[in-house]
Amino acid sequence: SRSHCIFTLSVHSKTRLEDGAVIDSSGKLHLVDLAGSECAKACGASNEARERERKNINQSLLTLGRVIGALREGGATSG
């Protein structure tokens with residue numbers, strides 16, 4: 001089976017300065033793990049089967065790209 005994963009690491013930090021002011025910092029790191037097609041060659045699949053596999057992976061990556069774009073747009077509006 002093929003699967004993709006998106007991991008988001010959120011970091012929040014508060015630093016109190018000597019004058020009592022507080023600096024509040026935050027950031028996000030998005031890590032994306034894309035499934036590959038290594039198995040198609042390794043398992044000796046036929047050319048037709050490889051072509052179907054490539055089409056399925058491309059469709060899946062296109063969908064993943066749309067999801068990432070939607071997450072990015074949502075993140076821009078929600079802060």
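An account of the accompanying structure is given in this report. Remember, it's a predicted structure, so these values are computed and weren't measured experimentally. (Residues numbered from 1 in each chain as written. Predicted model: local features only at pLDDT ≥ 70, side-chain atom pairs only at ≥ 80, totals over all residues. Heavy atoms only, no water.)

Thoughts on the pattern of salt bridges
Selection rule: A side-chain nitrogen of Lys or Arg and a carboxyl oxygen of Asp or Glu constitute a salt bridge if their distance falls within 4 Å. Working definition: helices are DSSP H or I runs of at least four residues, strands are E runs of at least two. Numbering for both runs from the N terminus.
Under the counting rule described, the total for this entry stands at one salt bridge. One salt bridge in this structure joins Arg52 and Glu48, with 3.2 Å as the shortest N-O distance. Of this pair, Arg52 and Glu48 are both found in helix H2 (residues 47-78), four residues apart, which corresponds to roughly one turn of the helix.

A look at a nonpolar patch on the surface
Worth spelling out the cut-off: Candidates for patches are residues over 30% relative accessible area with no salt bridge; among them, like charges are joined within 9 Å and nonpolar side chains (Val, Leu, Ile, Met, Phe, Trp, Tyr) within 5 Å. Here the open area of atoms and residues is found with the Shrake-Rupley method and a 1.4 Å probe, where only the protein chains shown may cover a residue.
On the surface, Ile6, Val32, Leu34, Val67 and Leu71 cluster together to form a nonpolar patch covering roughly 400 Å² of accessible area. In this structure, Leu71 sits in helix H2.

Take it as geometry only, folks, not as evidence of what the structure does.
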